[in-house]
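Below are the chains, spelled out letter by letter.
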Amino acid sequence: MALLLTASLLALLLPGSGLTEAEIDQALAGKVPARSEPFTTPEGLATGRGIGAIAIERPIGEVWDTLARFDDRAEYVPRLLSVTVLDRTPSRIHVRQEIDASVRKVKYTAFYDLDAERRTIHWTLDKSAPDNGIKGVDGTYALYEVGPGRTLLVYRTWLDSGLKVPQFIQRYVAVHSIPNLLRAIKQRVESGGAWKKK
């Protein structure tokens, strides 16, 4: 029976998730698969973006509520120093944030589009913001219900720092930071909002 359930889940998840069968199996087994995949920027530049996944032992609604709430993100998202919500509608949030980029602190403003029906959040850089410290960003959270009280979170992101850093190094850093982010989200959700980063 368990094998049939796994096959059914794979049939539903594989087409839209962007994950391989092995990655879904790893995530459902408690691991955090992450890799780089080909991506073309809105300007037509062929590059790569990070993709990762994690299983969260909570209903999809609880995971959604955590991800769609922005005011407390700096409490648990690694390297995120501050968040300011500039504007909010039910389907879009305009956010200014500051991150610790190791060498320096970077500010940027982004639009987060929330699709509650499809359980996705997509973000892009607000290019009109005068103090953006990065050149571009594009990302998505997608949630899939994989059992009673169990949710698969799939995360994709691409970032152009604007610095003269080779793309392969930027991709390497992005891919290696994904597991830390996804584990932090998992801890935040599974703790009922109590867990905070150190």
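Residues numbered from 1 in each chain as written. Predicted model: local features only at pLDDT ≥ 70, side-chain atom pairs only at ≥ 80, totals over all residues. Heavy atoms only, no water.

**Student:** Can you help me understand the packing of aromatic side chains in this one?
**Tutor:** Think of a pair of aromatic rings as described by two things: how far the centres are apart, and how the planes are tilted against each other in angle. Scanning all chains against the criterion turns up 5 aromatic pairs. Here the aromatic cluster, defined as three or more aromatic residues joined through ring pairs, consists of F70, Y112, W123, Y141 and Y155. If you follow R73 out to its NZ or CZ, it ends over the ring of F70, 4.0 Å from the centre. Against the face of F111 rests R92, its NZ or CZ located 4.3 Å from the ring centre. (Phe/Tyr/Trp six-rings, centres within 6.5 Å; stacked < 30°, edge-to-face > 60°. Lys NZ or Arg CZ within 6 Å of the ring centre and 35° of its normal.)

**Student:** Explanation requested: the pairing of strand β7 (residues 136-147) in the structure shown.
**Tutor:** The element β7 is extensively covered by neighbouring structure, given that 10 of its 12 residues are classed as buried. Across 5 bridges, strand β6 (residues 120-125) lies against β7 in antiparallel orientation. Looking at β7, one finds that W123 is bridged to G139. Linking two consecutive strands that pair antiparallel, namely β7 and strand β8 (residues 150-160), is a turn of 2 residues; a positive phi of about 70° is found at G149 within it. (Buried < 20%, exposed > 50% of the residue type's maximum accessible area, 1.4 Å probe, protein only. Helix = DSSP H or I, 4+ residues; strand = E, 2+ residues; numbered from the N terminus. Pairing = 2+ DSSP bridges.)

**Student:** Teacher, can you tell me more about the nonpolar core here?
**Tutor:** Nonpolar side chains tend to gather and get buried jointly when the protein is soluble and globular. L67, Y112, I121, Y141, L153 and I185 are the most contacted members of the largest nonpolar core, which totals 34 residues. Counting residues in hydrophobic clusters, the runner-up holds 11 residues, among them L19, I51, A53 and V146. (Core = buried A, V, L, I, M, F, W, Y, C linked by side-chain atoms within 4.5 Å.)

**Student:** Hey, could you run me through unusual backbone geometry in this one?
**Tutor:** Trans is the common state for peptide bonds, and a negative phi is the common state for residues other than glycine. A positive phi is found at R79, a non-glycine position, where the angle reads about 70°. Mapping R79 onto the fold places it in the loop between α3 (60-67) and β3 (80-88). Of note in this structure, R119 is not a glycine but carries a positive phi near 60°. Turning to its location among the elements, R119 is positioned in the loop between β5 (105-115) and β6. Assessed through its relative accessible area of 23%, R119 is described here as partly exposed.

**Student:** It is not clear to me how the pairing of β5 should be interpreted in this structure. Could you clarify?
**Tutor:** Look at any regular strand and the pattern is simple: side chains alternate between the two faces of the sheet. With 9 bridges joining them, strand β4 (residues 92-100) and β5 adopt antiparallel strand pairing. What sits directly across from H94, in β5, is F111. Hairpin connection of β4 to β5: 4 residues between the antiparallel strands, including S102 at a positive phi of 70°. Relative to β6, β5 runs antiparallel, the two sharing 6 bridges.

**Student:** Whenever I open this one, the environment of I121 confuses me. Can you help?
**Tutor:** With respect to the helices and strands, the residue I121 is situated in strand β6. Overall, I121 belongs to the buried group, its relative accessible area being 1%. Residues I121 and S91, spaced 30 residues apart in sequence, show a C-alpha to C-alpha distance of 9.3 Å. Ignoring anything within four residues of it in the chain, the contact list for I121 reads W64, L67, A68, Y112, D113, L114, G139, T140 and Y141. (Contact = heavy atoms within 4.5 Å.)

**Student:** Can you help me understand the confidence of the model for the protein in this one?
**Tutor:** Keep in mind that low pLDDT regions are not for reading the predicted coordinates in detail. Mean pLDDT for the protein: 87, with 85% of residues reaching 70 or above. By mean pLDDT, helix α1 (residues 2-17) is the weakest element of the protein at 59, and α3 is the strongest at 98. (pLDDT = per-residue confidence, 0-100.)

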